[in-house]
Structures are given as structure tokens and as C-alpha cells.
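Reading the structure
Listed here are the chains, written in short residue letters.
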Amino acid sequence: MSWAGKILRVNLTAGTVKSEPLNMKWAKEYLGSRGLASKYLVEEVDAKVDPLAEGNKIIWATGPLTGTMASTGGRYTVVTKGPLTGAIACSNSGGYWGAELKMAGWDMVIFEGRSAKPVYLSISDDVAELRDAAHLWGKTVWQTEEMLKKSHQDPQLRISSIGGAGENKVLFAAVVNDLHRADGRSGVGAVMGSKNLKAIAVRGTKGVGNFADAKAFMKVTYEKKKILAENGVTGQGLPAYGTQVLMNVINEVGALPTRNHRDSQFEGAKDISAEAMATPRATDGKKPLVTNQACFGCTIACGRIQKIDQGHFSVQNKPEYWGASGGLEYEAAWALGAANGVNDLDALQYANVLCNEHGMDPISFGATIGAVMELYEMGVLTKEQLGIDAKFGSAQALAHFAEITAKGEGFGKEIGQGSARLCKKFGHPELSMTVKSQEFPAYDARGIQGMGLTYATSNRGACHLRSYTVASEVLGIPVKTDPLAADGKPDLVKAFQDATAAFDSAGICIFTSFAWTLEDVAPQVAAACGSEFTLEKLGEIGERIWNMERDFNNRAGFTNKDDTLPKRLLTEPAKSGPAKGLVSKLPEMLPKYYEIRGWNADGTLKAETRKRLGL
């Protein structure tokens with residue numbers, strides 16, 4: 001059935017590692033990865049637990065298609081209660097780590113308690129043990145990976161770890177695997193650090209089998225890969241330009257948040273775009289983009305490998321940053337660039353590299369810098385406090401803030417708390433562009449109305465990957481809708497949210513949804529797991545997962561009052577572009593959304609909704 005059928009339970013307090021069978025009833029109701037791990041979390045963890053307390057748990061989970069020949073079957077998730085938001089956190093990553101865990105024979109690893117000293121978990125197929133990590137504590141993600149591969153004498157070892165940001169409990173610390181693939185959002189790395197857990201090193205040699213119908217699976221995955229190859233986005237745009245292909249597109253539609261959302265178009269967008277990455281620099285005549293790169297089993301290959309000009313101010317006399325490394329994706333380029341008014345492509349890549357090396361979410365980091373720069377220009381923060389002149393557009397300030405936040409030095413400690421806490425501390429909470437204390441991604445809710453509703457209702461705080469209505473509102477996938485209109489958006493957002501939950505839980509990449517619908521995913525899951533997984537069942541699973549996450553957040557203390565946007569987006573009209581004069585129409589959309597969700601006016605689940613979904 002393509003599940004491995006067993007999980008590892010690691011009690012860090014007691015130092016024990018035990019195998020137990022996967023709850024197959026839950027697997028059939030929640031599928032795997034995001035859905036199944038979240039089910040374990042909500043059943044085992046008090047929703048009101050302090051995210052950094054010993055009572056919280058953190059789970060690494062694969063889906064039934066992870067490690068298989070399904071395209072993009074390399075995804076895994078880290079699920080916990082997030083310290084940045086206080087809400088349920090589920091962060092998704094690619095690379096090779098997830099497939100390796102599945103090939104070692106495990107569906108998920110649950111960590112509970114807290115170790116008295118730094119440890120890492122070593123997994124080699126059926127053998128799993130906690131080992132001392134004192135020599136790794138204080139090391140970067142890159143150093144940790146190199147040291148573990150050397151000590152285990154295995155260059156094929158796959159590592160999921162934290163850097164200094166996680167150790168220092170930066171509230172947007174990431175968990176990083178394969179050097180530059182990350183479970184990036186909501187501070188999952190800080191939870192890992194709070195448990196004195198440095199890394200998980202995995203080697204799997206078993207492969208993934210046990211398919212319901214192996215021949216049917218081979219046939220259907222081959223057919224679905226052809227759809228990806230023939231699609232303009234997954235077969236051409238993403239391989240050639242990566243997600244950065246969006247920079248100029250979103251800027252032109254007037255939805256590129258700029259200078260902490262004061263503006264919705266950036267005059268320097270062309271300088272930090274995919275096209276700029278593929279153009280030789282004036283300084284050294286070399287293209288920043290070296291090549292694209294794919295995760296395990298991926299036929300899209302949207303990843304970027306990039307080099308910084310060795311003469312750039314950020315890396316002068318720093319040869320360790322002269323080599324090719326994980327490059328800018330759209331969200332990171334926006335957060336480090338347009339959000340701060342910075343159009344220096346190499347400065348953006350330097351900050352991005354530091355986020356990878358030290359384990360930080362570049363979206364929350366960059367968006368927080370946008371708030372810092374606005375506070376500086378208002379005179380609330382000073383050069384003496386920040387250690388540098390920090391006007392919007394300063395590449396030097398961006399690089400400086402990346403360094404001190406990664407190392408936990410000076411004002412970097414304040415930045416590491418995220419913009420909601422920082423802005424509140426300095427008297428201007430309205431300048432934090434967040435929902436549930438998590439920073440917005442790269443789409444202005446005034447110019448793409450569906451994304452405003454998406455942000456406001458996202459179960460993990462502001463997030464584009466929970467309901468990417470940009471696909472419909474801008475790209476016309478699967479149908480074109482008007483980005484400036486509120487009509488129909490509640491239905492659209494619900495459909496995207498439920499479908500995305502199913503994609504995530506299957507163990508495949510959401511980027512396949514540019515070409516696939518659940519009609520393409522269902523036959524792959526059915527061939528792998530059993531004929532009961534029809535299109536209708538996958539849709540129901542997605543809806544069940546969304547409502548389960550919502551219910552956890554309600555029990556954690558979140559209410560309908562948290563389903564809102566910053567005042568700026570609700571009251572300050574966009575200044576330029578197609579959305580000029582518009583604000584977010586969230587108040588018009590939210591009641592309708594609650595109604596179609598089957599929720600009460602206060603945002604809680606109706607009894608009949610619980611009954612229908614078996615919650």
C-alpha cells in the first residue's frame with residue numbers, strides 16, 4: 001500500500017527510540033505527511049502548550065507517494081505547534097531527505113520531551129539511535145552536514161538539521177536538508193532547538209514497495225509525467241526560470257508588495273528577476289544563475305543554483321561564499337528585495353545564502369527587515385540601535401541584518417523575534433505585515449483579492465502555499481478569475497485549500513498542481529494505496545485535514561478576530577497599477593467563506609460539519 005507501515009517514536013527525555021505500527025485507520029482518513037502527522041499531533045499534544053516547552057512534540061513525516069516513481073515524490077513535512085504563531089505548524093521541504101527516510105522503512109518520526117544535552121538521531125534502515133551532538137552544537141547547517149557525512153563515512157547520508165538560528169530559538173528558524181532545501185516557515189527549527197535536537201541523519205537502502213497495483217502505478221505515473229512535461233509552466237517556465245519567473249509578472253499586475261507594503265509595485269523588480277539572474281553581470285561578465293536543479297524524483301527542476309560576484313561588497317575576503325549554492329526563489333527574492341526596496345541581486349543572494357547556512361526563513365526574515373526599515377525612516381529606530389544606516393533600498397543594511405540575525409548578535413536578537421513582536425515592542429504593531437504573527441509572502445492582497453482571504457484564513461498564519469489562488473487569478477489555472485473582484489473568491493479559496501491539503505499529504509510537490517488537478521493525483525494514490533482512494537475521497541480528505549487544523553487552532557485560543565489583515569491593506573488603497581485605489585475586500589468575503597466551510601459566525605466548526613467529516 002506504499003506506506004512503510006511503521007513509525008519511530010523518540011523520547012528525548014528518556015533517551016529511548018522505539019518502533020510502532022502506523023495507525024492505518026488514520027492513514028486511510030488523513031493519507032500521510034501533512035494530514036497524518038497533524039492527526040498525530042492534535043491527538044497527542046495539548047493545543048494550549050507552549051511551543052518551546054517540553055510538552056510540545058515535533059514530527060517528520062512522509063506521504064504514501066514519497067520515495068516512489070511519482071513525479072516530485074521527494075516531499076516531507078515537519079509538523080508541530082509553531083512558536084512564531086502559536087498555531088499548528090506544518091512546513092514542507094523537498095530535496096532527498098524525505099525519500100531517504102521512506103526508503104529506510106519509516107513513514108514518520110515523532111520526537112517528544114527534551115534532551116538534557118545536544119543529540120542527533122541516526123537512522124540506518126531498521127537501526128535507529130540517539131547519539132551525542134556536543135561537537136555539532138554551534139555549527140552551521142553546512143558544517144553539520146559535512147561533519148556527519150565524514151564521521152559516518154557515508155557521502156550518501158541525508159541530513160535534516162538546524163543551524164544557529166534554531167539553537168538560539170529565532171522564531172522563524174528553519175529545518176534545512178540537503179544544504180539548501182528547507183522546512184522554512186513558522187519556526188519549526190526553533191522547536192527542534194528547544195529540544196536540544198541538532199539533526200536527523202538517514203540512510204535508507206530498502207526502497208519503497210508494497211504497492212496496491214505496481215503495474216498500474218508504473219503506467220499512471222508515466223502518463224502523468226507527460227502532462228507535466230507538456231505544460232507551459234511545469235514543462236517550460238519553471239525549469240528555465242524557476243519561481244522567479246513571477247517577479248516581473250506580479251509587478252506588472254500591481255501586486256508586488258514593496259517597502260513593507262507601502263507600495264504595490266517595485267521600480268527595481270527587473271533588476272532582481274529571473275531574467276536578471278540569467279543575464280551576465282556588468283561587473284564580471286558572468287551570469288548569476290549557474291544551472292537549475294531538481295529534487296528527488298522531480299521532472300520539473302525549478303531549483304536554482306547561483307553564484308555571487310566575488311568582487312561584491314558582501315563576499316569580499318569571504319571565499320567560502322564564492323562557490324555555487326542554492327539560489328533565489330521568488331518568495332525569497334521578494335522578501336529580501338522588493339519588501340525592503342533593495343534591487344542589488346548579489347546582496348539578495350548573500351542574505352539568502354546566510355538563511356540557508358544558518359537555518360532561517362528568508363520570507364519572515366526579509367519581511368521583518370521591511371518593518372525595521374520603515375521604523376528607521378520614521379525615526380523610531382536609530383542608527384545607534386541598529387548599527388547601520390537602514391533606509392529602504394540599502395543593500396548594506398540587508399547584508400548586515402542577515403549577519404547579526406544569523407549569529408544572534410545585537411539588534412539581530414530583536415529581528416529574530418519576527419515583525420509582530422518587534423513592531424509591538426517599539427510601539428507600532430500596525431506596521432507588522434502578518435496574519436497570526438507570520439509574515440506575508442510576495443502577493444499584495446489589494447491586487448490579488450483571493451490571496452487576502454487566503455492569508456486571513458490560513459491555518460499556519462499568512463501563507464501562499466495553503467491556497468495559491470494566484471494560479472487562477474493571474475495565470476488562469478485551472479480557470480481565469482478576476483484578481484480585483486471578490487465575487488466567487490470564498491469558493492475558490494476553499495477549493496484550493498482542500499486540494500492543497502490532499503497534494504501535501506500524498507507526499508508530492510504543490511507545483512504539480514499547475515498542470516495536475518486531484519483527478520490526476522487520485523489514480524496515482526489509488527494504484528499505490530488501494531482503489532478506495534477516489535477523486536471524491538481525496539477531496540474529502542483534504543477538507544477533513546483543513547477542518548482538523550482549524551479546530552486545533554480554535555482550541556489553542558484563536559478566534560474569528562484572528563482571521564484578519566493588517567490595517568494598511570484594509571484601509572490604505574494601492575497607489576499604482578491595476579489595483580490603484582483598491583483595498584482588500586476581506587470583510588465582504590469572510591462571512592461567505594465561513595458559510596461555505598460549514599462554520600459558525602465565530603469561526604468554529606458547526607456540529608454537522610464535525611459529524612460529516614468524522615472529527
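Now for a description of the structure that goes with this document.

Criteria and cut-off values
Residues numbered from 1 in each chain as written. Predicted model: local features only at pLDDT ≥ 70, side-chain atom pairs only at ≥ 80, totals over all residues. Heavy atoms only, no water. Helix = DSSP H or I, 4+ residues; strand = E, 2+ residues; numbered from the N terminus. Rg over C-alpha atoms; globule rule 2.2 N^0.38 Å. Buried < 20%, exposed > 50% of the residue type's maximum accessible area, 1.4 Å probe, protein only. Contact = heavy atoms within 4.5 Å. Areas by Shrake-Rupley, 256 points an atom, 1.4 Å probe, with all protein chains shown as cover. Lys, Arg positive; Asp, Glu negative; His and termini not counted. Charge placed at Lys NZ, Arg CZ, Asp CG, Glu CD. Core = buried A, V, L, I, M, F, W, Y, C linked by side-chain atoms within 4.5 Å. Axes fitted to C-alpha atoms, helices over the stretch in contact; angles between N-to-C directions. Parallel < 35°, antiparallel > 145°, perpendicular 65-115°, else oblique. Left-handed = near helix turned anticlockwise from the far one by under 90°. Nonpolar A, V, L, I, M, F, W, Y, C, P; charged D, E, K, R; others polar. 1 Å grid on protein atoms, 1.4 Å probe; cavity = no way out; pocket = protein on both sides within 12 Å on 5 of 7 lines; lining within 4 Å. Points joined across faces, edges and corners; volume = space filled by probe spheres on them. Phe/Tyr/Trp six-rings, centres within 6.5 Å; stacked < 30°, edge-to-face > 60°. Expected span 1.5 Å × (residues − 1). Salt bridge = Lys/Arg side-chain N within 4 Å of Asp/Glu carboxyl O.

A word on the overall build of the chain
From N to C terminus, the chain includes 25 helices and 17 strands. Here the C-alpha radius of gyration of the chain, 22 Å, is about what a compact globule of 615 residues would show, namely 25 Å. For the chain, the spread of C-alpha atoms along the three principal axes comes to 60 × 55 × 45 Å. A buried classification covers 64% of the 615 residues belonging to the chain. Long-range pairs, those at least 24 residues apart, make up 68% of the contacts in the chain with a sequence separation of at least 6. Of the roughly 20500 Å² of accessible surface on the chain, a fraction of 52% belongs to carbon and sulfur atoms. Charged side chains of the chain number 70 positive and 68 negative; the gap between the two group centres comes to 2 Å.

Notes on the nonpolar core
Counting 154 residues, the largest nonpolar core has Met108, Ile250, Trp334, Phe365, Phe401 and Tyr443 as its most contacted members. In terms of residue count, the dominant contributor to this core is helix α13 (residues 362–377) (nine residues). Apart from residues lying up to four places away in sequence, Phe365 is in contact with Phe172, Leu336, Cys355, Leu398, Phe401, Ala402, Thr405 and Ile415. Counting 26 residues, the second largest nonpolar core, distinct from the first, contains Val10, Leu12, Ala104 and Ala128.

A look at the packing of α13 against helix α15 (residues 395–407)
Relative orientation of the contacting elements α13 and α15 amounts to 120°, with a least axis distance of 11 Å. In terms of orientation, α13 and α15 fall into the oblique class. Two packed elements cross with a definite hand, and for α13 against α15 that hand is right-handed. Side by side, α13 and α15 meet where Phe365, Ile369, Val372 and Met373 of the first sit next to Ala397, Leu398, Phe401, Ala402 and Thr405 of the second. Of the residues belonging to the contact of α13 with α15, the class tally is eight nonpolar, one polar and no charged.

Observations regarding empty space enclosed by the protein
All told, the structure shown has one cavity of 30 Å³ or more when counted by the stated rule. Residue lining of the largest cavity: Asn260, His261, Trp334, Ala339, Ala367, Gly370, Met433 and Phe440, and that is the complete set. A breakdown of the residues in the lining of the largest cavity according to their chemical character gives five nonpolar, three polar and no charged.

So, the packing of aromatic side chains
Describing an aromatic ring pair means giving the distance of the ring centres and the angle of the ring planes. Going through the model one piece at a time under the given rule, you end up with 17 aromatic pairs. Aromatic pair Tyr96 and Phe296: ring centres 6.2 Å apart, planes at 85°, arrangement edge-to-face. Highlighted residues: Tyr96 in the loop between β5 (88–93) and α3 (97–103) and Phe296 in the loop between β13 (289–293) and β14 (303–306), separated in sequence by 200 residues. In this structure Phe296 comes out as buried when scored by relative accessible area, which is 18%. With a centroid separation of 5.7 Å and an interplanar angle of 90°, the aromatic rings of Tyr321 and Tyr350 are classed as edge-to-face. With Tyr321 in the loop between β14 and β15 (325–326) and Tyr350 in helix α12 (residues 345–358), the pair connects residues that are 29 residues apart, well separated along the chain.

A word on helix α21 (residues 518–529)
Along its 12 residues, α21 runs 15 Å from first to last C-alpha, staying within 8% of the 16 Å computed at 1.5 Å per residue. Where burial is concerned, most of α21 is hidden: 10 out of the 12 residues are buried. Every buried residue of α21 is listed here: Leu518, Asp520, Val521, Ala522, Gln524, Val525, Ala526, Ala527, Ala528 and Cys529. For α21, the elements touching its buried residues are α7 (214–230), α20 (489–506) and α22 (535–556). Directly after α21, the chain includes Gly530, whose backbone phi takes a positive value near 135°.

Structural notes on unusual backbone geometry
The general pattern is negative phi for most residues beyond glycine and trans for most peptide bonds. Residue Ile477 is joined to Pro478 through a cis peptide bond whose omega torsion reads -5°. A positive phi angle, close to 50°, is found at Asp125, a residue other than glycine. Looking at the element boundaries, Asp125 is found in the loop between β7 (119–124) and β8 (127–132). Judged by its relative accessible area of 16%, Asp125 falls in the buried class.

Description of the pattern of salt bridges
A full pass over the atoms with the stated rule returns 46 salt bridges. Among the ionic pairs, Glu167 bridges to Lys198, the shortest N-O distance being 2.7 Å. Taken together, the residues span a long stretch of sequence, with Glu167 in helix α5 (residues 164–167) and Lys198 in strand β12 (residues 197–203) at a distance of 31 residues. Of the residues examined, Glu167 reaches a relative accessible area of 11% and is grouped as buried. In this structure Lys198 comes out as buried when scored by relative accessible area, which is 0%. Two residues, Asp504 and Arg466, come together in a salt bridge whose shortest N-O distance is 3.9 Å. Taken together, the positions of Asp504 in helix α20 and Arg466 in the loop between α18 (449–457) and α19 (470–473) put the pair 38 residues apart, joining distant regions of the chain. The class for Asp504 is buried, based on a relative accessible area of 7%.

Just distances and angles here, no functional claims.
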